[in-house]
Amino acid sequence: PANEPTGRPRRKAKARAKKRRRKRASLEFPSWFDARRRARPKNAMGSKSRNKGARGEVELSKELTRVLGVGARRGRQFSGSPDSPDVLVDSPDLHVECKRVEAFNAYKALDQATRDAGTKVPIVAHRRNRREWIIVCRLDDLPRLAAVLTEILQRQCSTTKS
């Protein structure tokens, strides 16, 4: 058995690997960094999720234009404020928040829409994969939403008659 390895090189390699792991663990990292995973903050969103949300906003704007007959387009997405809803509708009193996710938390989405809406009527539009769009609003905002929708439809009727 002269060809059999003695085992010493393997032990040395293991010792070197253990030493490297200890050295790596002793380095200082930011609090959000987890050495076992990629270096990414917990609140960072993946590009596929972000793209899905952007596609949902464009799709929702086309659907709102089709259903309500008003101009709608994707909003500016740099900050949460009344100036930057997910979908801009040609109505000054409506704030539309778009959620294109499978796991939908209605209260969390409504809180965000209410916070960003200011004095506008906040609504949340949601769609899961292979399902239709739904709209969620608070019961207290329903009369204001009905008034806004009535105004939009009256405006649409008056422009078609002219």
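Everything here concerns the structure above.
Predicted model, so just to flag it, every value in this text is computed and none were measured.

Enquirer: What should I look at first to understand the overall build of the protein chain in this one?
Expert: Each helix and strand counted, the protein chain has four helices and five strands in total. Counting helices and strands in the order they occur from the N terminus, the protein chain gives α-α-β-β-β-α-β-β-α. The 162 residues of the protein chain split such that 26% are buried. A fraction of 49% describes how many contacts in the protein chain between residues 6 or more apart in sequence connect residues 24 or more apart. Carbon and sulfur atoms provide 53% of the accessible area of the protein chain, an area that totals close to 12300 Å².

Enquirer: Looking at this structure, how should I read a positive patch on the surface?
Expert: Positive charge collects at one region of the surface, where K12, R16, K18, K19, R20, R21, R22 and K23 lie side by side. Mapping K23 onto the fold places it in helix α1 (residues 8-26). For K23, a relative accessible area of 63% translates into the label exposed.

Enquirer: Hey, could you run me through the pattern of salt bridges in this one?
Expert: Pairing between side chains becomes possible if they bear opposite charge and their charged atoms approach one another. On inspection of all chains with the given rule, the structure shows seven salt bridges. The salt bridge involving R66 is made with E63; its shortest N-O contact spans 2.8 Å. Here R66 pairs with E63, and both are found in helix α2 (residues 47-68), just three residues apart, close to one helical turn. According to the relative accessible area criterion, R66 is exposed, its value standing at 58%. One salt bridge in this structure joins K99 and E97, with 3.9 Å as the shortest N-O distance. Linked by salt bridges that have partners in common, R138, D141 and R144 make up one network.

Enquirer: Explain the side chain of D141 here, please?
Expert: Looking at the secondary structure, you find D141 in the loop between β5 (134-136) and α4 (142-161). On the basis of relative accessible area, D141 is assigned to the buried category, the value being 3%. Here R138 takes part through its side chain, which lies 2.9 Å from a polar atom of the side chain of D141.

Enquirer: Would you mind going over the nonpolar core with me for this structure?
Expert: Nonpolar side chains in soluble globular proteins generally cluster together in the buried interior. One finds L60, L64, V87, V89, L94 and V96 to be the most contacted residues of the largest nonpolar core, which totals 17 residues. Taken together, the elements giving at least two residues each to this core come down to α2, β2 (87-89), β3 (94-99), β4 (121-126) and α4. Not counting residues within four places of it along the chain, the set of residues in contact with L60 comprises V87, V96, C98, A125 and W133. By size, the runner-up hydrophobic cluster in this structure holds five residues, among which are A109, L110, A113 and V136.

Enquirer: Hey, could you run me through helix α3 (residues 106-117) in this one?
Expert: Since the α-helix turns once every 3.6 residues, residues separated by three or four places project in the same direction. Taking 1.5 Å of rise per residue, the 12 residues of α3 would be expected to cover 16 Å, and the 16 Å separating its terminal C-alpha atoms lies within 8% of that figure. For α3, the full list of buried residues reads A109, L110, A113, D116 and A117. Across the axial projection of α3, the buried residues extend over an arc of 135°, all falling on one side. Residues of α3 that are exposed and point more than 90 degrees away from the buried face comprise Y107, K108 and R115.

Each value, and the rule that gives it
Residues numbered from 1 in each chain as written. Predicted model: local features only at pLDDT ≥ 70, side-chain atom pairs only at ≥ 80, totals over all residues. Heavy atoms only, no water. Helix = DSSP H or I, 4+ residues; strand = E, 2+ residues; numbered from the N terminus. Buried < 20%, exposed > 50% of the residue type's maximum accessible area, 1.4 Å probe, protein only. Contact = heavy atoms within 4.5 Å. Areas by Shrake-Rupley, 256 points an atom, 1.4 Å probe, with all protein chains shown as cover. Patch = residues over 30% accessible without salt bridge, like charges linked within 9 Å, V, L, I, M, F, W, Y side chains within 5 Å. Salt bridge = Lys/Arg side-chain N within 4 Å of Asp/Glu carboxyl O. Lys, Arg positive; Asp, Glu negative; His and termini not counted. Charge placed at Lys NZ, Arg CZ, Asp CG, Glu CD. Polar contact = N/O pair within 3.5 Å; in protein donor to acceptor, adjacent residues only side chain to side chain. Core = buried A, V, L, I, M, F, W, Y, C linked by side-chain atoms within 4.5 Å. Expected span 1.5 Å × (residues − 1). Arc of directions from axis to C-beta.

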